[in-house]
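Chains, contacts and geometry: an overview
Listed here are the chains, written in short residue letters.
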Amino acid sequence: MATRRRPPSSSTSSAPPIADEVRSRDPKPSAAAEDPPLAPPKLGFVAAASALFFVPFFYLAFVHYPIEPDLRRSIAISVAMSFGGFLVALRMIPVAARYVLRRNLFGYDINKRGTPQGTVKVPESLGIVIGIVYLVIAILFQHFNFTSDSNWLVEYNAALACICFMILLGFVDDVLDIPWRVKLVLPSFAALPLLMAYAGHTSIIIPKPLIPYVGVPVLDLGWIYKLYMGMLAVFCTNSINIHAGLNGLEVGQTVVISAAVLIHNIMQIGASTDPEYKQAHAFSIYLVLPLLATSLALLSYNWYPSSVFVGDTYTYFAGMALAVVGILGHFSETLLLFFLPQVLNFLYSCPQLFKIIPCPRHRLPKFDPQTGLLTGTKDGTLVNLFLRLFGRCTERALCIKLLIFQAMACLLCFWLRYILAGWYK
Ligand code: UD1
Ligand code: MG
């Protein structure tokens, strides 16, 4: 099955990809003549996947917990705006795909090399659409929830500035293909607006079993806390970007983590009586709901077989959005537990990332066009490790296995929090 529908005149199996010169000779080619339409979005799959986490979320937010009407109203507004964002993103992705293709921003699907699908130019960097729609929703939302003297405004806008800066740097990376080492530090610049504006606490609660060793129950870390915030942003963005390369994996992992963050937030709001604590988690809901909704729209085009690629614009944007949500919601340790597969992938990647052993441009599995199966290579990624541990499989099956692993890591985190509650903190 071809990823993108070809024009009826071209032969599907033997036609070479449209030559670059054809596009570049005519700066404004007629869209109808040059650009075959994208395959339709896989909405059935996305609807089924969303039911898995939206049903429990709505139940907890609107039935199970006695949440104050004002807070419920704000959550309902955020849900409605995020759904609007989903529809807009769904509509805009095919439009933007045409434009990026015209500017030769595309990639070849490496895990389909040797098949006709491997020769199709897949539009790249569609994360730019998601980023813009997300920012518009998050900016407009302030109108409904914050008064002009609201304490939250400064940090909320600083968070949005970080996300916006990260989208810009991610897009720069997609266009200029920045060297790996420079890429690694980009998020530390993007995190600056929040680090400068952050006026929240810089102390951490020491886990109960460690209090005798540390000597105090609460430790003020001062500037070290801000350094930690910056490092968290660098980690979240890069760790999503390197756990990638399979159709649907970049967006799929973001969707699973965002859903876990959403449910964690509503559970914390439901279980607490402290208004400050509830506000921090509500704040996190307002930032994560549009991320989840717009990512679902992208997933419907990026799921196997991908008709668009998300680009580093998306991986950086999603990582930064999750990092600011964790920082401002004050649950960065929980966030890191949700990121368990990314932590494992990062640790396993270290020898190659730090050039102790050679690191090729793409650390992807080997694709066999005859059988359509992927085989794990020696490159240190979770993708390859899964193939070596569980045997050869299709790209789609491998992506599903990795997303199930992500969901299991999130469930483990919920279980750990439940078991350790009271004893740990
Ligand atoms: C990171 C990884 C690299 C991996 C790449 C895949 C490290 C150090 N870098 O690099 O190993 O190969 O992501 O995204 O771990 N692509 C596909 N199928 C997909 C998604 C992407 O074939 O489902 C290919 C396309 O050719 C696409 C390209 O990957 O154009 C995008 O790669 P890019 O995001 O630029 O790679 P990096 O983030 O630098
Ligand atoms: Mg990438």
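Everything numeric here is computed off the predicted structure, so don't read it as measured data.

Looking only at helices and strands, the protein has 17 helices and six strands in total. Over its C-alpha atoms the protein spans a radius of gyration of 22 Å, differing by no more than 12% from the 22 Å that the globule rule assigns to 425 residues. By its C-alpha atoms, the protein is 70 × 45 × 40 Å across when sized along the principal axes. Relative to its full complement of 425 residues, the protein shows a buried share of 42%. A fraction of 76% describes how many contacts in the protein between residues 6 or more apart in sequence connect residues 24 or more apart.

What follows is about helix α3 (residues 43–64). In α3, a bend of some 40 degrees at Ala 51 exceeds every other bend along the element. Turning to α3, its buried residues number three or more, namely Val 46, Ala 49, Phe 57 and Ala 61. Looking at the packing, one finds that the buried side of α3 touches α4 (69–102), α11 (249–271) and α12 (275–302).

Moving on to the site of ligand 1. Taken together, 19 residues lie near ligand 1, and Gly 107, Ile 110, Gly 245, His 362 and Arg 363 sit nearest. Of the residues in the shell around ligand 1, the class split is seven nonpolar, eight polar and four charged.

With that settled, consider the nonpolar core. In terms of nonpolar packing, the biggest core is built from 112 residues, with Cys 162, Ile 163, Leu 298, Met 320 and Val 324 touching the most fellow members. Considering every element that reaches this core, the biggest residue donor is α12, with 16 residues. Contact partners of Ile 163, with chain neighbours within four places excluded, come to Leu 135, Phe 317, Met 320, Ala 321 and Val 324.

You can see Pro 358 is positioned in the loop between α15 (340–353) and β5 (366–368). A tally of 8 C-beta atoms within 10 Å means that Pro 358 is categorised as exposed. With 21 residues separating them along the chain, Pro 358 and Asp 379 place their C-alpha atoms 9.2 Å apart.

With that settled, the discussion passes to the confidence of the model for the protein. With 90% of its residues at a pLDDT of 70 or more, the protein has an overall mean of 89. This model gives residues 1–32 a pLDDT under 50, and the stretch forms 39 contacts once residues within four places in sequence are excluded.

At a minimum axis distance of 10 Å, the contact between helix α5 (residues 127–145) and α12 shows a crossing angle of 150 degrees. Judged by the twist between their axes, the crossing of α5 over α12 is right-handed. Along the contact surface, α5 presents Ile 130, Val 133, Tyr 134, Ile 137, Ala 138, Phe 141 and Asn 145, while α12 presents Tyr 286, Leu 287, Pro 290, Leu 291, Thr 294, Ser 295 and Leu 298.

Here we come to unusual backbone geometry. Tyr 304 connects to Pro 305 through a cis peptide bond whose omega is -10 degrees. Its location among the elements puts Pro 305 in the loop between α12 and α13 (311–328).

What follows concerns helix α6 (residues 152–176). Relative to the 36 Å expected for 25 residues at 1.5 Å per residue, α6 spans 36 Å between its end C-alpha atoms, a close match to the ideal helical length. Asp 177 lies just past α6 and shows a positive phi near 50 degrees.

So, about the environment of Ala 159. Structurally, the position occupied by Ala 159 is in helix α6. By C-beta crowding, Ala 159 is classed as buried, having 26 other C-beta atoms within 10 Å. A sequence separation of 162 residues divides Ala 159 from Ala 321, and the C-alpha atoms of the two residues are 8.0 Å apart. Beyond its immediate stretch of four places on either side in the chain, Ala 159 contacts Leu 194, Leu 287, Val 324 and Leu 328.

Conventions we followed
Residues numbered from 1 in each chain as written. Chains lettered and ligands numbered in written order. Predicted model: local features only at pLDDT ≥ 70, side-chain atom pairs only at ≥ 80, totals over all residues. Helix = DSSP H or I, 4+ residues; strand = E, 2+ residues; numbered from the N terminus. Rg over C-alpha atoms; globule rule 2.2 N^0.38 Å. Buried ≥ 20, exposed ≤ 12 C-beta atoms within 10 Å, placed from the backbone. Contact = placed C-beta atoms within 7 Å. Bend = angle between axes of the 7 residues up to and from the residue. Near = placed C-beta within 6 Å. Nonpolar A, V, L, I, M, F, W, Y, C, P; charged D, E, K, R; others polar. Core = buried A, V, L, I, M, F, W, Y, C linked by C-beta atoms within 7 Å. pLDDT = per-residue confidence, 0-100. Axes fitted to C-alpha atoms, helices over the stretch in contact; angles between N-to-C directions. Left-handed = near helix turned anticlockwise from the far one by under 90°. Expected span 1.5 Å × (residues − 1).

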